[in-house]
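Listed below are the residues making up each chain.
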Number of protein chains: 2
Amino acid sequence: MLDKNSSTQNISGYFQLEPVGSKLADLETPVPVIDVRIAHRNLVRWQEHCDKQGLKNRPHIKTHKLAGFAKLQLALGAHGVTVQKLGEAEAMAAHGVSDMLLTFNVVGESKLRRLAALNSRADMKVVADSEMVVRGLQKAAQASGKALSVFVECDTGMGRNGVQSPAAATSLANLIAQTDGLHFDGLMTYPKVGLRREAQAFLAKAKRAIFAEGLDVPVVTSGGTPDMWKDDDLEGIDEYRVGTYIYNDRSLVERGVCGFEDCALTVLSTVVSRPIPNRAMIDAGSKALTSDLLGLTGYGVARESNFSRVYDVSEEHGFLDVSAMPNALQVGNQVRIVPNHVCPVSNLFDKVVLIDGERVLGAVRVDARGAVT
Amino acid sequence: MLDKNSSTQNISGYFQLEPVGSKLADLETPVPVIDVRIAHRNLVRWQEHCDKQGLKNRPHIKTHKLAGFAKLQLALGAHGVTVQKLGEAEAMAAHGVSDMLLTFNVVGESKLRRLAALNSRADMKVVADSEMVVRGLQKAAQASGKALSVFVECDTGMGRNGVQSPAAATSLANLIAQTDGLHFDGLMTYPKVGLRREAQAFLAKAKRAIFAEGLDVPVVTSGGTPDMWKDDDLEGIDEYRVGTYIYNDRSLVERGVCGFEDCALTVLSTVVSRPIPNRAMIDAGSKALTSDLLGLTGYGVARESNFSRVYDVSEEHGFLDVSAMPNALQVGNQVRIVPNHVCPVSNLFDKVVLIDGERVLGAVRVDARGAVT
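Rules of the game
Residues numbered from 1 in each chain as written. Chains lettered and ligands numbered in written order. Predicted model: local features only at pLDDT ≥ 70, side-chain atom pairs only at ≥ 80, totals over all residues. Heavy atoms only, no water. Helix = DSSP H or I, 4+ residues; strand = E, 2+ residues; numbered from the N terminus. Rg over C-alpha atoms; globule rule 2.2 N^0.38 Å. Contact = heavy atoms within 4.5 Å. Areas by Shrake-Rupley, 256 points an atom, 1.4 Å probe, with all protein chains shown as cover. Salt bridge = Lys/Arg side-chain N within 4 Å of Asp/Glu carboxyl O. Pairing = 2+ DSSP bridges. Least-squares fit on C-alpha atoms with pLDDT ≥ 70 in both. Phe/Tyr/Trp six-rings, centres within 6.5 Å; stacked < 30°, edge-to-face > 60°. Buried < 20%, exposed > 50% of the residue type's maximum accessible area, 1.4 Å probe, protein only. Lys NZ or Arg CZ within 6 Å of the ring centre and 35° of its normal. Axes fitted to C-alpha atoms, helices over the stretch in contact; angles between N-to-C directions. Parallel < 35°, antiparallel > 145°, perpendicular 65-115°, else oblique. Left-handed = near helix turned anticlockwise from the far one by under 90°. Nonpolar A, V, L, I, M, F, W, Y, C, P; charged D, E, K, R; others polar. Buried area = accessible area lost by both parts, 1.4 Å probe. Polar contact = N/O pair within 3.5 Å; in protein donor to acceptor, adjacent residues only side chain to side chain. Expected span 1.5 Å × (residues − 1). Core = buried A, V, L, I, M, F, W, Y, C linked by side-chain atoms within 4.5 Å. Disulfide = S-S within 2.5 Å.

Caption draft 1: Layout of the overall build of chain A. Looking only at helices and strands, chain A features 11 helices and 17 strands. In summary, chain A has a C-alpha radius of gyration of 22 Å against a globular reference of 21 Å for 373 residues, a match within 12%. The principal-axis extent of the C-alpha atoms belonging to chain A is close to 70 × 40 × 40 Å. Taking the intrachain contacts of chain A between residues at least 6 apart in sequence as the baseline, contacts between residues at least 24 apart amount to 69%. In the structure as shown, chain A presents an accessible area of about 12800 Å², 48% of it carried by carbon and sulfur atoms.

Okay, structure coming up:
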């Protein structure tokens, strides 16, 4: 089952590649380049860990937004994928991905119609954290003529969406179970980084209370790449959702979750100006790297300047600190930037380029780019 | 010449509108909605000011990325547009826009070929701040069989691209003037906010030195929305480039450049969760609002909650502070967010929606979205 064949040919088989030359120097910049062997290694490592732990792996496609990688994740042993928006689910369904957990409340007539259409042709699971959301989901299930699986989203410390207590989770689980067309599928949370133990305690308490009502809790699902390797907090968790782990990024390196050698996606860019010895201006700004800081200083680091920082960005300019190597990098040289936060970077580009080391394999369309509704 | 007809019908005529319903409640969210009367008023006000000052107006299309608005700006009296990337120029040229200043060094064989193709069919002006860039431009001009107009980019305090001194500007102007196929067209700068007077002094000194070499300096071009209304620093400036002024945003309101009533673009979003009285969760996160702060606290403000703040964002979640009106806003209600920085917001969406007050006119494709190369 586990497709551990890491040959470039095997991995490329999951994608419709467009020719863009064979060398990095052939590429127009800025463009994200994804080393498929590193990505594959990241996927295999986590899948093997999940298999060993008896943990179900439900990777989040919001990071890569590529049907090819979703299918590779499934081939490696993931038992489904996670999506954040209907548009992402539609893009994946168009490529035959079926088992999807949509971890965002679906609200509004028009979106509920889209959910109904999706539920007719795919195996959709959704979430709710209020009666109003549940009432909407009921309509979608009825319109699709097929039951809809619903998880109760629990706010276990993140302070975002979710019911606020195990008692509220129990009450909403009861409502779902009693609603025609809906099936109560379990509990969902996205814990705050470093609070997974608190999350686990909340979920365990809710699960006991729901059992006491005579209901089953088929799946308890949690997630998050920063805490993914901390086994001791996983008690009671059946399923884990991780997104960033496929590519990794500077924020995860700084947190000690991985090394720069595990970062599969870098933003290839070109030095366009060398106005002073300490500054190289590159063509990747906030419209390529985003302005996500995640608590870091600067907007990314360049592999070619010993991981020195992109210390500022305009929309199309990156300001690279080259004070440690003032004679390096001339106009026309390429640099590869490890971005702070890789997920929103994919979402900026219509196409990304797959590579194997220095070899360019081809460009692929980002299937769910901009799928924000 | 000045198309001051602010009727919705007239403005809509510049766009290919796709039907998406007639009311805001019909729209799926998040989506940027642009009030065309406010945008038109912003454009007319600035054009009239430029006409009165004898200042040439060369608006930057990076903010709206829409050929329709570029054509409206030209109809109102702009004598050309500014673009930041070749892809933006190509998207505008495809809709018949011709007079374009590309204010970003064009570097690399492949991009120089694209520039040559553009120069054959449009009236292209470009910039340079080093001999290497000039040598590339020479090739592009030769390949296009047509002279290319080149401005010297001057770093007048921004610390970004640009020659570092009036003497360096003079030397590069000489090189351009002596290079076959290139025409020296003048000086270009993007001054740091609040340093326009320093910029003007740099440019004046460079201009005198270049005159002393026996060269003409046809145009001195500066730009920036935050300082656009400060007439006293404009001495010696022939042309002004502004982008954000068409839509405006929270950063400009906070700087006193405009009021909220002048913000033409807001991000329509929906309340999807009301977990606690003080917090409304909306479906616009960093993939809709960006994480640009521009020195502000929070990621935007909601018109419907008395301009209270989106105090945090995840990729698809916005955290709206409703502590001042804890009983307002229920799941399903729409809110309109004034983003901190409007330019990168347009770039996230394949389509935006034009409105007139509460009336929806239609959706338009963002012609140059993602045109990052």
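Picking up after the structure, the text goes on.
Caption draft 2: Structural detail: the pattern of salt bridges. The tally for this structure, following the rule as stated, stands at 50 salt bridges over all chains. One salt bridge in this structure joins aspartate 99 of chain A and arginine 58 of chain A, with 3.0 Å as the shortest N-O distance. Here aspartate 99 of chain A, found in strand S4 (residues 99-102), pairs with arginine 58 of chain A, found in the loop between strand S2 (56-57) and helix H3 (67-75); they are 41 residues apart in sequence, far enough to count as distant. Between glutamate 316 of chain B and lysine 85 of chain A there is a salt bridge, with its nearest N and O atoms 3.3 Å apart.

Caption draft 3: Representation of the sheet that holds S2 of chain A. All names here are of chain A. Strand order in this open sheet of eight strands is S2-S9-S8-S7-S6-S5-S4-S3, and the pairing throughout is parallel. Every interior strand has two partners, whereas the edge strands, S2 and strand S3 (81-83), have only one. Bridge analysis of S3 against S4 gives three bridges, and the strand direction is parallel. Within the sheet, the bridge partner assigned to threonine 82 lies in S4 and is leucine 101.

Caption draft 4: Quick look at the relation of the copies chain A and chain B. With an RMSD of 0.0 Å, the operation that places chain A on chain B is a rotation of 180° combined with a shift of 0.0 Å along the axis. Expressed as a symmetry operation, the mapping of one chain copy onto the other fits a two-fold axis. If distances are taken from each C-alpha of chain A to the rotation axis, the shortest is found for serine 291 of chain A, at 2.9 Å. Of all interface residues in chain A, 100% are interface residues in chain B too; the two copies therefore contact each other through one and the same surface.

Caption draft 5: Seen up close, the packing of aromatic side chains. Tallied over the entire structure, the rule returns 12 aromatic pairs over all chains. On the numbers, 4.9 Å between centres and 80° between planes, the contact of phenylalanine 15 of chain B with phenylalanine 69 of chain B is edge-to-face. Placement of the pair is phenylalanine 15 of chain B in the loop between helix H1 (8-12) and strand S1 (31-35) and phenylalanine 69 of chain B in helix H3 (residues 67-75), with a sequence separation of 54 residues. Their ring planes at 90° and their centres at 5.2 Å tell us that tryptophan 46 of chain B and tryptophan 229 of chain B sit as a pair that is edge-to-face. In this pair, tryptophan 46 of chain B is assigned in helix H2 (residues 36-53) and tryptophan 229 of chain B in the loop between strand S8 (219-223) and strand S9 (239-241), connecting sequence segments 183 residues apart. The buried category is assigned to tryptophan 46 of chain B, whose relative accessible area is 0%. One aromatic cluster in this structure is built from Phe15, Phe69 and Tyr247 of chain A. Looking at lysine 85 of chain A, its charged tip hangs above the ring of phenylalanine 104 of chain A, at a distance of 4.7 Å from the centre.

Caption draft 6: Fine view of the packing of helix H4 (residues 86-93) of chain A against helix H5 (residues 109-121) of chain A. All names here are of chain A. Running from amino to carboxyl end, H4 crosses H5 at an angle of 30°, the nearest separation of the two axes being 11 Å. The pairing of H4 with H5 is recorded here as roughly parallel in orientation. The handedness of the crossing between H4 and H5 comes out as left-handed. For the pair H4 and H5, contact is made by Leu86, Gly87, Ala89, Glu90 and Ala93 and by Lys111, Arg114, Leu115, Leu118 and Arg121, respectively. In the contact of H4 with H5, the residues fall into five nonpolar, one polar and four charged.

Caption draft 7: Representation of the interface of chain A and chain B in the model. Facing 57 residues of chain A, the contacting portion of chain B comprises 57 residues. For the pairing of chain A and chain B, the buried interface totals around 4600 Å² over both sides, and the portion due to carbon and sulfur atoms is 51%. Scanning the region where chain A abuts chain B turns up 12 salt bridges. Put simply, chain A and chain B have 34 residue pairs in polar contact (both at pLDDT 80 or more) between them. Among the secondary structure elements, those contributing two or more residues to the side of chain A that touches chain B are H5, helix H6 (131-144), strand S10 (265-276), strand S11 (279-282) and helix H11 (343-346) of chain A. Here the side of chain A that touches chain B gets six residues from one element, more than from any other, and that element is S10 of chain A.

Caption draft 8: Fine view of the sheet that holds S8 of chain B. Residues and elements named next belong to chain B. The parallel open sheet is built from eight strands, whose spatial order is S2-S9-S8-S7-S6-S5-S4-S3. Each of the sheet's edge strands pairs with one partner strand only, and the pair in question is strand S2 (56-57) and strand S3 (81-83). Packed onto the sheet, helix H8 (residues 196-212) meets strand S7 (182-188), S8 and S9 and runs at close to 145° relative to S7.

Caption draft 9: Quick look at the pairing of strand S13 (residues 308-313) of chain B. Sheet topology note: the strand S12 (residues 300-302) of chain B/S13 of chain B ladder contains two bridges and is antiparallel. Bridge pairing in S13 of chain B places alanine 302 of chain B opposite serine 308 of chain B.

Caption draft 10: Representation of helix H6 (residues 131-144) of chain B within the structure. End to end, H6 of chain B covers 20 Å across 14 residues, agreeing with the expected 20 Å (1.5 Å per residue, within 8%). Note on H6 of chain B: the residue one or two positions beyond its end, glycine 145 of chain B, has a positive phi of about 65°.

Caption draft 11: Highlighting unusual backbone geometry. Across the junction of threonine 29 of chain A and proline 30 of chain A, the peptide omega takes the value 0°, indicating a cis bond. Turning to its location among the elements, proline 30 of chain A is positioned in the loop between helix H1 (8-12) and strand S1 (31-35). Of note in the backbone geometry, lysine 65 of chain A takes a positive phi value of approximately 55° without being a glycine. Inspection of the secondary structure puts lysine 65 of chain A in the loop between S2 and H3. Lysine 65 of chain A sits in the buried class, given a relative accessible area of 0%. If you check the backbone angles, leucine 329 of chain B has positive phi at about 65° while not being a glycine.

Caption draft 12: Region of interest: the packing of H2 of chain B against H3 of chain B. All names here are of chain B. Running from N to C, H2 and H3 point in directions that differ by 35°, and their axes come no closer than 10 Å. H3 is crossed by H2, and the crossing has right-handed handedness. In contact with Ala39, His40, Leu43 and Gln47 of H2, H3 contributes Phe69, Leu72 and Gln73.

Caption draft 13: Geometry of the side chain of asparagine 119 of chain B. Residue and element names in this part refer to chain B. Among the secondary structure elements, asparagine 119 is positioned in helix H5 (residues 109-121). According to the relative accessible area criterion, asparagine 119 is buried, its value standing at 1%. A polar atom in the side chain of asparagine 119 sits 3.4 Å from the backbone oxygen of alanine 147. Beyond its immediate chain neighbours, meaning those up to four positions away, asparagine 119 contacts Met124, Ser144, Lys146, Ala147 and Leu148.

Caption draft 14: Examining the nonpolar core more closely. Ranked by internal contacts, the top residues of the largest apolar core, which has 214 residues, are Leu137 of chain A together with Leu137 of chain B. With residues up to four places along the chain from it excluded, the contact list for leucine 137 of chain B reads Val106, Leu112, Leu115, Val126, Val127, Ala128, Leu148, Val150 and Leu182 of chain B.

Caption draft 15: Quick peek at the state of the cysteines. Residue and element names in this part refer to chain B. Inspection of the entire model under this criterion finds zero disulfides over all chains. Looking at cysteine 258, it has no disulfide partner, and the nearest cysteine sulfur is the one in cysteine 263, 4.8 Å off. By relative accessible area, which is 16% here, cysteine 258 ends up buried.

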